Amino acid sequence: MGASLKDVAQLAGVSVKTVSNVVNNYPHVTPAMRERVQAAIDALGYRPNLIARHLRKGRTGIIALAVPELGNPYFAELAGAVIDAAARHDYTVLLDHTGGRRENEILVSQGFRAHVIDGLILSPIELEAEDLLGRSEDAPLVLLGEREYDAPYDQIAIDNVAAARSAVRHLTGLGHHRIAFLGARRESARRPAHLRLRGWREELTATGLPCDDTLVAATDGFGRVDGAAAMNAVLDRGEQPDAVFAYNDLVALGAMRVLTERGLRVPHDISVVGFDDIEEGRFSPVALTTVSPDKQAIARLAVQRVVARLADTPGLEPEHIQPGYTLTVRESTARRT
């Protein structure tokens, strides 16, 4: 039989309440007292019964994370960060895959798994504002990603327009004038790609360069195949960009493959910038320059907002929170010669 709170309290020479405050991360415990209790916990090998703790609060101890595509490395890396962040609050993460389809996103947002989860972190693609406004589920909901919603829920996403502008600014600073954008979406101007497309347009305009729509290629998805098709479409029009800004790293990698097949060298003939900073881009034959969102901050903030709402933190209004990002310059971009 394992050690109990009482055993820890006796060894540390403190009250059971003090041990409980340390175990539950109560903020007003002094560092010295926390260290003293932690030493007793370590000595006895005490492990809190997390299930019992959550059940006493009427909780399951599970947060759901619903993403469009588990096979996309960005979402896989983000999921790992969310799992780590949730563990620090003694929560387990249930992963859900929506396929980026509106009906699935509505299903999860409306409490499809309400009986087993305490809160939901959702990265939507097709979900509309009216779907959220009609939501009747009480479980806390935090939205991730590039969709912007006028709805009373926490939303966490980097400034996609500013991030896209920084990518294009990097390319114009290297002397590139004909910069293609790969990954525009056909269906709606409110889709995520269009925030990045807007950044592309704004930065070109600010630099005094034309926004040539023949250099914009729409895609149905955001994978390598889509990037390859988009790159082929631009080149087949007889257009020769001197640089490419891709919606994400997978689109960029697909484009780079096509450029190689067509005898164009990256970055000597054409520079390429992606978005997301996935591991594959760092280890591609030509390491990819990319916009790197702070995935750890995105995950940490999302979990913190769910936990705070479960704790009924007073005065907690819905917020649009923008974590940081950086432009990580690697081998796929170079000065135009």
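Residues numbered from 1 in each chain as written. Predicted model: local features only at pLDDT ≥ 70, side-chain atom pairs only at ≥ 80, totals over all residues. Heavy atoms only, no water.

## Re the overall build of the protein
Point 1. Summing up its helical and strand segments, the protein has 13 helices and twelve strands in all.
Point 2. Taking the principal axes of the C-alpha coordinates as reference, the protein spans close to 80 × 45 × 35 Å.
Point 3. Counting the 337 residues in the protein, one finds 51% classified as buried.
Point 4. For the protein, the exposed surface amounts to about 15,700 Å²; the carbon and sulfur share of it is 52%.
Point 5. The positive charge centre, built from 38 side chains, and the negative charge centre, built from 44, are 4 Å apart in the protein. (Helix = DSSP H or I, 4+ residues; strand = E, 2+ residues; numbered from the N terminus. Buried < 20%, exposed > 50% of the residue type's maximum accessible area, 1.4 Å probe, protein only. Areas by Shrake-Rupley, 256 points an atom, 1.4 Å probe, with all protein chains shown as cover. Lys, Arg positive; Asp, Glu negative; His and termini not counted. Charge placed at Lys NZ, Arg CZ, Asp CG, Glu CD.)

## Focus: the packing of helix α5 (residues 73-87) against helix α13 (residues 295-310)
When two helices pack together, their arrangement is given by the angle between the helix axes and the distance between those axes.
Point 1. Running from N to C, α5 and α13 point in directions that differ by 50°, and their axes come no closer than 8 Å. Here α13 runs oblique to α5, going by the angle between their axes. Where α5 crosses over α13, the two elements pack in a sense that is right-handed. Counted together, Tyr74, Glu77, Leu78, Ala81, Val82, Ala85 and Ala86 of α5 and Lys295, Gln296, Ile298, Ala299, Arg300 and Val303 of α13 form the full contact between these two elements.
Point 2. Here the contact of α5 with α13 is built from residues that sort into nine nonpolar, one polar and three charged. (Axes fitted to C-alpha atoms, helices over the stretch in contact; angles between N-to-C directions. Parallel < 35°, antiparallel > 145°, perpendicular 65-115°, else oblique. Left-handed = near helix turned anticlockwise from the far one by under 90°. Contact = heavy atoms within 4.5 Å. Nonpolar A, V, L, I, M, F, W, Y, C, P; charged D, E, K, R; others polar.)

## Comments concerning the layout of surface pockets
To find leftover empty space, one rolls a probe the size of a water molecule over the atoms.
Point 1. Looking at the largest pocket, its volume works out to about 480 Å³.
Point 2. In terms of residue count, the dominant contributor to the lining of the largest pocket is α5 (three residues).
Point 3. Taken together, the residues of the lining of the largest pocket break down into 16 nonpolar, eight polar and seven charged. (1 Å grid on protein atoms, 1.4 Å probe; cavity = no way out; pocket = protein on both sides within 12 Å on 5 of 7 lines; lining within 4 Å. Points joined across faces, edges and corners; volume = space filled by probe spheres on them.)

## Remarks on the environment of lysine 17
Point 1. Mapped onto the elements, lysine 17 comes out in helix α2 (residues 16-23).
Point 2. Judged by relative accessible area, which is 63%, lysine 17 ranks as exposed.
Point 3. A sequence separation of eleven residues divides lysine 17 from lysine 6, and the C-alpha atoms of the two residues are 9.4 Å apart.

## Quick word on the environment of proline 318
Point 1. For proline 318, the location among the structural elements is in the loop between α13 and β11 (320-321).
Point 2. In this structure proline 318 comes out as partly exposed when scored by relative accessible area, which is 37%.
Point 3. A sequence separation of 165 residues divides proline 318 from tyrosine 153, and the C-alpha atoms of the two residues are 5.2 Å apart.

## Observations regarding the packing of aromatic side chains
Point 1. One pass over the full model with this rule turns up five aromatic pairs.
Point 2. Aromatic side chains phenylalanine 181 and phenylalanine 245 sit 5.6 Å apart centroid to centroid with 65° between the ring planes, which places their arrangement in the edge-to-face category. With phenylalanine 181 in strand β6 (residues 179-185) and phenylalanine 245 in strand β8 (residues 243-246), the pair connects residues that are 64 residues apart, well separated along the chain. Here phenylalanine 181 and phenylalanine 245 have matching classes, each one buried.
Point 3. With a centroid separation of 6.5 Å and an interplanar angle of 45°, the aromatic rings of phenylalanine 245 and phenylalanine 275 are classed as tilted. Pair noted here: phenylalanine 245 is in strand β8 and phenylalanine 275 is in strand β9 (residues 271-275), with a separation of 30 residues, a long-range link.
Point 4. Aromatic ring contacts, followed pair by pair, group Phe181, Trp200, Phe245 and Phe275 into a single cluster.
Point 5. Sitting above the plane of the tyrosine 247 ring, arginine 196 keeps its charged end 4.2 Å from the centroid.
Point 6. Over the ring of phenylalanine 275 we find arginine 196, and its NZ or CZ is 3.7 Å from the ring centre. (Phe/Tyr/Trp six-rings, centres within 6.5 Å; stacked < 30°, edge-to-face > 60°. Lys NZ or Arg CZ within 6 Å of the ring centre and 35° of its normal.)

Remember, this is a structural readout, not a statement about activity or role.
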